[in-house]
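# A closer look at the structure
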Amino acid sequence: MMFRATARHPALILDDVRGAQKMLSGVARVTALEGSRHLSELVGAPVHLKCENLQRTGSFKLRGAYVRISGLSPVERAAGVVAASAGNHAQGVALASSLLGVRSTVFMPVGAPLPKVAATQEYGAEVRLHGQVVDETLAAAQEYAERTGAVFIHPFDHPDIIAGQGTVGLEILEQCPEVRTIVVGLGGGGLAAGIAVAVKALRPDIRIVGVQAEGAAAYPPSLAAGHPVSLDNPVTMADGIKVGRPGDVPFAVIEELVDEVRTVTENELSSALLLCLERAKLVVEPAGASPVAALLSDPEAFRGPVVAVLSGGNVDPLLMQRVLRHGMSAAGRYLSLRLRLTDRPGALATLLAALTVADANVLDIGHVRTDPRLGLTEVEVDLHLETKGPRHCEEVEASLRAEGYRVIG
C-alpha cells in the first residue's frame, strides 16, 4: 500500500521503510516494548509502551536523521549538514553525522536547555545559538545552508526522514503482532507518517491514532481544510510536538493513512508524565507522554491490545520539576489553603500538629500579619500541602474545620 503521490509528494512504500531498517541495523536500538498493568486495567485490554525514550540520544530522531544523511552523495557529504532544533532532532543529527563522518552544524534557540546543548556538542556537532523561538532558529539554519552549501536536514518533512521513523512501526509489529491500536504523538508528522506507511501496508486493520497538545494542534484544522494550516502561536509544555505547521510530505500520508487525531490538555500531559515515572519507572518528556495522556483522558476509546509510543525522554531537569508539580496538582495530590488564626504564641505549632494528625505533608507555609484586611489579633496563613489524592484533600480540609479553623481560600 502507498499513499497518493503528487508532484510535490513522492510516494513512500513499505520497501522504503524496510530498506531504512536494514540501514539502521547496528545503529539504532530495537527499543523495548514494556507492558503497563495500570494502563491495561484502565483501558480494559493489554497496553504496551514502546520505549523510544531509551533509544540512542533519547528519542526516535536518530532513525530518520541517519537514513537521510546516509542517502547524501559524496559531494553533499563533503559540504556538511545543518539542522535547526531545540533538542531531539539536534542530537539525532549530531550523532548520525558523527557516525557517518559528516561535519554537522546545529542551530538551537538561545534559551535551549543547557543539557540539550551540551549533549548535541558531545555528539560532535558545532552548536550555534540563534533566535528566541524555533522559527527564528530555523530561518538562520536555512540561510546558513544557502550561504555555505551545507545540506539542510529537515526534522520531519522529507521522505527519507519518514522512512527512518517508520522502522518504529516495523518493530511494533514484530514485538506485538496482535496489536490492534497504535497511539503516537504528532508534531510535524514524521513519526506518525512513517509508522502509518509501514503498519498499514502489512496490517490495514490496525487503527493508528495521532495525539497533539491542545495548544499546538495544527493537524485538526489542516485535515479539515485538506492542506497544511499554520498556527499563529502554538503553546504547550510538550516542545517535541510544538510545531506550528504540518510538513507537506507527512501531511499527505497522515491524511490518507492515520485513522484519528486527538488532542490532550496540559493537565493530561503532566499527569501522564507522572504516571510514566511512578508506575512504569520511565523518564519521559511531555511530548513522549502524549499517547499515555490520550489513554488517560478517554480509556474506553481504544481497542486493545494497544501500543503507546513513548517517543522521547530528553526532559530538562528544571522542566521535569515543574511538570511533576503540575502533574501532582492535576492528580489532586497538592492542596493549597488559606486560614485565619488568632495571633498568639503557639498558634502555628498547634496548626501544624493538626496537619500531622490529618497526615498532610507541609511543602510551604506563608505567615502574614500586616495585611490591612486583618484584625489586630489576626494572622493569615497560606499552606501548600502534599496529600494522597482528592479524597484525602477533602478529609484534610474537613478535619481543619472540625478543629475550629477558618478556611477562607
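Residues numbered from 1 in each chain as written. Predicted model: local features only at pLDDT ≥ 70, side-chain atom pairs only at ≥ 80, totals over all residues. Heavy atoms only, no water.

## Structural notes on the state of the cysteines
Two cysteines form a disulfide when their sulfur atoms are joined by a covalent bond. Put simply, the rule reads: For the purposes of this analysis, a disulfide is any pair of cysteine sulfur atoms at a distance within 2.5 Å.
Counted under the stated rule, the structure contains 0 disulfides. Cys51 supplies the cysteine sulfur nearest to Cys176, a cysteine that is in no disulfide, at a spacing of 13 Å.

## What about the pattern of salt bridges?
Heads up, the rule is: Basic side-chain nitrogens of Lys or Arg form a salt bridge, by our definition, when they fall within 4 Å of a carboxyl oxygen of Asp or Glu. Whether a residue is buried, partly exposed or exposed follows from its accessible area with a 1.4 Å probe, protein chains only, as a fraction of its type maximum: under 20%, in between, or over 50%, in that order. Strands here mean DSSP runs of E at least two residues long; helices mean DSSP runs of H or I at least four residues long; both are numbered from the N terminus.
Summed over the entire model, instances satisfying the criterion amount to 16 salt bridges. We note a salt bridge from Asp205 to Arg203, for which the minimum N-O separation is 3.0 Å. With relative accessibility at 40%, the residue Asp205 sits in the partly exposed group. By relative accessible area, Arg203 is classed as partly exposed at 21%. For Arg338, the salt bridge is made with Asp382, and the minimal N-O distance between the two is 2.7 Å. You can see Arg338 sitting in strand E11 (residues 334-342) and its partner Asp382 sitting in strand E13 (residues 378-386), a full 44 residues away along the chain. A relative accessible area of 23% means that Asp382 is categorised as partly exposed.

## Regarding the packing of aromatic side chains
For the record, the criterion: Here a Phe, Tyr or Trp ring, Trp counted by its six-membered ring, pairs with any other such ring whose centre lies within 6.5 Å, and the pair is stacked when the planes are under 30 degrees apart, edge-to-face when over 60, and tilted otherwise.
One pass over the structure, following the stated rule, counts 2 aromatic pairs. Relative to Phe251, the ring of Tyr219 has its centre 6.0 Å away and its plane inclined at 25°; by these criteria the two rings are stacked. With Tyr219 in helix H11 (residues 219-225) and Phe251 in helix H12 (residues 248-257), the pair connects residues that are 32 residues apart, well separated along the chain. The burial state of Tyr219 is the same as that of Phe251; both residues are buried.

## Focus on the confidence of the model for the protein chain
Close reading of the predicted structure is inappropriate where its pLDDT is low. Rules: The predictor's confidence in any single residue is recorded as pLDDT, a number from 0 to 100. Contacts: residue pairs with any heavy atoms within 4.5 Å of one another.
Taken residue by residue, the protein chain gives an average pLDDT of 89. The fraction at 70 or more is 94%. Throughout residues 1-9 the model reports pLDDT below 50, and contacts reaching past four residues in sequence, or to other chains, amount to 27 contacts.

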